[in-house]
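# Geometric and topological summary
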Amino acid sequence: MKNKIVIGNWKMNNSFTEAEELLTSIANIMEDMTLETEIVICPAFPYLEMAADLAEDNSFPYYIGAQNVSSEEKGAYTGEVSALMIKSSGADFCIIGHSERRMYFHETNVCLRKKTDIAIVNDLIPIFCVGEQLVEREAQNHFTVIENQLKESLFHLDRSGFERVILAYEPVWAIGTGITATPAQAQEMHAFIRSLVAEKYGTEQAYNTYILYGGSCNSKNALDLFLCKDIDGGLIGGASLTANEFIEIIRAAETSTKND
Ligand code: 13P
């Protein structure tokens, strides 16, 4: 039995007080529940330390992740946030390669490779996102796009580096659109990703690698997605901003693990 991972990516939402309230609401509802599922919350940079402190105080266990990391170690890079800063604020995870970063901030596979390396050196667990655009799927290029994203940004890692990485398949056309990939579409891509990992790092590593689904995942569709053989949890955007909705997704993860 492999437990699930559910990650909340809050994106650029919430004031400081709202972020504190949301974390407190989640913790109050979940208090003293025993979970198999690992939970990671990724708030904006200025809230990392507060979120990490709350995570320590709460009886409900969750980890903290950042939504991005600089590709540079340190120095004169105004506005950048380094892996060391993130780690020393109490976070253990870091999203890398989200399609919004690729699209709006022109992050390339080469730049994401650097970010992954720097995260690993600084003891952060990369949550590495891959995903195709709608036109790429319509042109039947989706498998090639994902394969290139993996090969150009991750497959240079040796096994000890790669085993620290969590993968997230987030079809761009499903993000924030309300259009979820069907369980069959998601499963097909997850199985393909796992086969690439197996080819490169062996079947044991492929089994151990977490591949999460993201893109309009919510309390209504989460269970069907999580019951798919190669879907190991979810990377949740909009639905992670409401305590009850997020908790229902965590419950779906728990149910799916029990049905494994
Ligand atoms: P939505 O769940 O809002 O579609 O966002 C998914 C996502 O981008 C998570 O990283």
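Everything quoted here is computed from the prediction, not taken from an experiment. (Residues numbered from 1 in each chain as written. Predicted model: local features only at pLDDT ≥ 70, side-chain atom pairs only at ≥ 80, totals over all residues. Heavy atoms only, no water.)

Turning next to the overall build of the protein. When you go through the protein residue by residue, the secondary structure sums to 12 helices and 8 strands. A compact globule built from 260 residues would reach a C-alpha radius of gyration of about 18 Å, and the protein, at 17 Å, matches this within 12%. Dimensions of the protein along its principal axes, counting C-alpha atoms only, are 50 × 45 × 35 Å. Burial status across the protein gives 53% buried among its 260 residues. Of the roughly 11,600 Å² of accessible surface on the protein, 51% is carried by carbon and sulfur atoms. Each charge class in the protein can be summarised by its mean position, and for the 20 positive and 37 negative side chains these summaries are 6 Å apart. (Helix = DSSP H or I, 4+ residues; strand = E, 2+ residues; numbered from the N terminus. Rg over C-alpha atoms; globule rule 2.2 N^0.38 Å. Buried < 20%, exposed > 50% of the residue type's maximum accessible area, 1.4 Å probe, protein only. Areas by Shrake-Rupley, 256 points an atom, 1.4 Å probe, with all protein chains shown as cover. Lys, Arg positive; Asp, Glu negative; His and termini not counted. Charge placed at Lys NZ, Arg CZ, Asp CG, Glu CD.)

The next subject is the side chain of glutamate 254. Within the fold, glutamate 254 resides in helix 12 (residues 243-258). In terms of polar contacts, glutamate 254 uses its side chain to reach the side chain of threonine 37, at 2.5 Å. Filtering out sequence-adjacent residues up to four positions away, glutamate 254 remains in contact with Thr34, Leu35, Glu36 and Thr37. (Polar contact = N/O pair within 3.5 Å; in protein donor to acceptor, adjacent residues only side chain to side chain. Contact = heavy atoms within 4.5 Å.)

We now examine the site of the ligand. The ligand sits among Asn9, Lys11, His98, Glu170, Ala174, Ile175, Gly176, Gly215, Ser216, Leu235, Gly237 and Gly238. At 2.9 Å, a side-chain N or O of glutamate 170 approaches an oxygen atom of the ligand. In the complex, the protein chains occlude 94% of the 310 Å² of accessible area that the ligand would expose alone. Considered class by class, the residues forming the shell around the ligand number 3 nonpolar, 7 polar and 2 charged. (Near = heavy atom within 4 Å. Nonpolar A, V, L, I, M, F, W, Y, C, P; charged D, E, K, R; others polar.)

The subject of this paragraph is the packing of helix 1 (residues 16-30) against helix 12. Each packed pair of helices is defined by two parameters, the angle between the axes and the distance between the axes. Running from N to C, helix 1 and helix 12 cross one another at 45°; their axes reach a closest spacing of 9 Å. One element, helix 1, and the other, helix 12, form an angle in the oblique class. Both helix 1 and helix 12 take part in a crossing whose hand is right-handed. Each of Leu22, Ser25, Ile26, Ile29 and Met30 in helix 1 lies in contact with helix 12, whose residues at this interface are Ala243, Asn244, Phe246, Ile247, Ile250 and Arg251. Here the residues of the contact of helix 1 with helix 12 sort into 8 nonpolar, 2 polar and 1 charged. (Axes fitted to C-alpha atoms, helices over the stretch in contact; angles between N-to-C directions. Parallel < 35°, antiparallel > 145°, perpendicular 65-115°, else oblique. Left-handed = near helix turned anticlockwise from the far one by under 90°.)

Glancing now at the side chain of serine 99. Tracing the backbone through its elements, the reader meets serine 99 in helix 4 (residues 99-104). Contact partners of serine 99, with chain neighbours within four places excluded, come to Val172 and Ile175.

Moving on to the packing of aromatic side chains. Here the structure, examined in full by the defined rule, presents 7 aromatic pairs. Between tyrosine 63 and phenylalanine 93 the ring centres are 5.6 Å apart and the planes differ by 55°, which places this aromatic pair in the tilted class. Linking tyrosine 63 in strand 3 (residues 63-66) with phenylalanine 93 in strand 4 (residues 93-96), this pair joins segments that are 30 residues apart in sequence. By relative accessible area, which is 37% here, tyrosine 63 ends up partly exposed. (Phe/Tyr/Trp six-rings, centres within 6.5 Å; stacked < 30°, edge-to-face > 60°.)

What follows is about the state of the cysteines. In the structure shown here, the tally under the stated rule is 0 disulfides. Cysteine cysteine 42 shares no disulfide, and the gap to the nearest cysteine sulfur, in cysteine 94, comes to 8.1 Å. Taking relative accessible area as the criterion, cysteine 42 reaches 0% and is therefore assigned buried. (Disulfide = S-S within 2.5 Å.)

Turning our attention to the pairing of strand 4. Alternating residues of strand 4 divide into Phe93 and Ile95 and Cys94 and Ile96, and every residue in both groups is buried. As paired elements, strand 3 and strand 4 share 2 bridges and run parallel to each other. By the bridge assignment for strand 4, alanine 66 is matched with cysteine 94. A crossover connection joins strand 3 to the parallel strand 4 through helix 3 (residues 83-88); in handedness this β-α-β unit is right-handed. (Pairing = 2+ DSSP bridges. Right-handed = clockwise from strand over helix to strand, strands pointing away.)

Time to look at unusual backbone geometry. A positive phi angle is found at lysine 11, which is not glycine, with a value near 50°. Residue position: lysine 11 is located in the loop between strand 1 (5-9) and helix 1. At glutamine 140, a position not held by glycine, the phi torsion is positive, near 65°. As for its position among the elements, glutamine 140 is in the loop between helix 6 (134-138) and helix 7 (142-153).

That is the geometry; function is a separate question.
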